[in-house]
Amino acid sequence: VRWPGWLAVGGLLALALAARYSQRLRVAAMALLDTARSMPRRLATAIGVAGMDVLTYGPRHAAIAIAVGLPSSRWEEWASFGIVATFAGIISGMPMGLVGYDATLMLLLGSAGVDPGQGLLIIAINRAMSIAAAFLLGVPAARRIGMGEGVAAVYRKVREMARGR
C-alpha cells in the first residue's frame, strides 16, 4: 500500500506537536481523569449524550440527501459521507466545523456525481437543523442555570421575530 504524501506530512506534524506539547497534554489528561473519577455519573451521561449525537450523523445526512432528491438506494453512501464530513469538521477545530465539514462533504458528494446545488442544500439544511437544536435546547438550559437576563433577552427577541413583530 502506497501512503499519500499528505498523510505522511500530517502524521509527522501530529507527532511533532505532541512532542512539543507533551507536558500540557499529560496535565490535561490527568485533569480529565481526576474529573472522571470525581463525577462518574456525569461523565457517563456526557458520553451517552455524545454517543447518541454521533449515532445520528449518518441517518440525518442520509435523510436530508434523500429529501433533496438523491437516490434512496445509495443511503449508505450519503450516511457515510455525512459521518466523514462531520469528523473532518471536528478535526478542523473551527466552531461548528466550519470549512472542514463543508469542504469535505462537498468533495465527497462531488466525487459521487452529486450536483453542487444539491450538496450546498444538504449542508444548509444540516446547519439549520444543528443551530435550531442548539438554540431550542441551549436557551432554556442557560436560563435554568441562571445565566442572566442576557439569554432571556435573546430568547424574547427570537420569540418576537417568530411572531412577526
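The model shown is predicted, which means the values in this text are computed figures rather than measured ones.

A. Seen up close, the side chain of arginine 127. Within the element layout of this structure, arginine 127 appears in helix α6 (residues 116–144). Polar side-chain contacts of arginine 127 include one of 3.1 Å to the side chain of aspartate 102. Beyond its immediate chain neighbours, meaning those up to four positions away, arginine 127 contacts Met96, Gly97, Leu98, Tyr101 and Asp102.

B. How the structure looks around helix α5 (residues 100–111). Its 12 residues give α5 an end-to-end C-alpha distance of 16 Å, which sits within 8% of 16 Å, the value for a rise of 1.5 Å per residue. Gly100, Tyr101, Asp102, Thr104, Leu105, Leu108 and Leu109 are the residues of α5 that are buried. Of the surrounding secondary structure, the elements contacted by the buried residues of α5 are α3 (40–67), α4 (75–92) and α6. At the C-terminal side of α5, glycine 113 shows a positive phi close to 85°.

C. Main features of the packing of aromatic side chains. As enumerated under the stated definition, the model contains 2 aromatic pairs in all. Ring centres of tyrosine 57 and phenylalanine 87 lie 5.9 Å apart, and the angle between their planes is 75°; on these two criteria the pair is classed as edge-to-face. Here tyrosine 57, found in helix α3, pairs with phenylalanine 87, found in helix α4; they are 30 residues apart in sequence, far enough to count as distant. Overall, phenylalanine 87 belongs to the partly exposed group, its relative accessible area being 35%. Relative to phenylalanine 81, the ring of tryptophan 78 has its centre 6.1 Å away and its plane inclined at 65°; by these criteria the two rings are edge-to-face.

D. Just the pattern of salt bridges, in detail. Counted according to the given criterion, the structure contains 3 salt bridges. In this structure, glutamate 77 and arginine 74 form a salt bridge, with 2.8 Å as the shortest nitrogen-oxygen distance. Taking the relative accessible area as the measure of exposure, glutamate 77 reaches 27% and is therefore partly exposed. Its relative accessible area of 27% is what places arginine 74 among the partly exposed residues. Here aspartate 102 and arginine 127 are joined by a salt bridge, their closest N and O atoms 3.1 Å apart. Of this pair, aspartate 102 sits in helix α5 while arginine 127 sits in helix α6, and the two are 25 residues apart along the sequence. Judged on exposure class, the residue aspartate 102 and its partner arginine 127 are both buried.

E. Quick peek at the packing of α3 against α4. Across the interface, α3 lies against α4 with an axial gap of 7 Å and an inter-helix angle of 125°. Overall, the two elements α3 and α4 adopt an arrangement that is oblique. In the packing of α3 onto α4, the handedness of the crossing is right-handed. Along its contact with α3, which presents Val54, Tyr57, Gly58, Pro59, His61, Ala62, Ala65 and Ile66, the element α4 presents Trp75, Trp78, Ala79, Gly82, Ile83, Thr86, Phe87 and Ile90.

F. Region of the structure containing the environment of glycine 89. Its place among the elements puts glycine 89 in helix α4. Through-space distance from the C-alpha of glycine 89 to that of threonine 104 is 8.1 Å; in sequence the pair is 15 residues apart. If we skip the residues at most four places from it in the chain, glycine 89 touches Met94, Gly97, Gly100 and Tyr101.

G. Spotlight on the packing of α4 against α5. α5 packs onto α4 with a crossing angle of 150° between their chain directions and a minimal axis gap of 7 Å. Relative to α5, the element α4 is oriented roughly antiparallel. Along this stretch, α4 crosses α5, giving a crossing that reads as right-handed. Judged by residue contacts, Trp78, Phe81, Gly82, Val84, Ala85, Thr86, Ala88, Gly89 and Ser92 of α4 engage Gly100, Tyr101, Thr104, Leu105, Leu108 and Leu109 from α5. Counted by class, the contact of α4 with α5 contains 9 nonpolar, 6 polar and no charged residues.

Conventions we followed
- Numbering of residues starts from 1 in each chain and follows the order in which that chain's sequence is written.
- Whole-chain, interface and lining totals are the exception, using all residues; otherwise, since this is a predicted model, local features are given only for residues with pLDDT of at least 70 and side-chain atom pairs are given and counted only at 80 or more.
- With hydrogens and water set aside, each side-chain value is computed from the structure's full complement of heavy atoms.
- A run of H or I in DSSP becomes a helix once it reaches four residues, and a run of E becomes a strand once it reaches two; helices and strands are each numbered from the N terminus.
- N or O atoms closer than or at 3.5 Å make up a polar contact, with two conditions inside protein: a donor-capable atom paired with an acceptor-capable one, and, for residues adjacent in sequence, both atoms drawn from side chains.
- Residue contacts are counted whenever heavy atoms from the two residues lie within 4.5 Å of one another.
- Residue count minus one, scaled by 1.5 Å, sets the expected span of a helix.
- In this scheme, a residue with accessible area under 20% of its type's maximum is buried, one over 50% is exposed, and one in between is partly exposed, where area comes from a 1.4 Å probe on protein chains only.
- Note on ring pairs: Phe, Tyr and Trp rings are taken, using the six-membered ring of Trp, and paired if centres are within 6.5 Å. Classes follow the plane angle, with under 30 degrees stacked, over 60 edge-to-face and the rest tilted.
- Put simply, a salt bridge is a Lys or Arg side-chain nitrogen that is within 4 Å of an Asp or Glu carboxyl oxygen.
- For helices, the fitted line uses only the C-alpha atoms of the stretch in contact; every axis is such a line through C-alpha atoms, and the angle between N-to-C directions lies from 0 to 180 degrees.
- The labels follow the angle: roughly parallel below 35 degrees, roughly antiparallel above 145, roughly perpendicular from 65 to 115, and oblique for the rest.
- By definition, turning the near helix anticlockwise from the far helix through less than a right angle yields a left-handed crossing, and turning it clockwise yields a right-handed one.
- Under the scheme applied, nonpolar residues are Ala, Val, Leu, Ile, Met, Phe, Trp, Tyr, Cys and Pro; charged residues are Asp, Glu, Lys and Arg; polar residues are all the others, including Gly.

Geometric values such as these leave the question of function open.
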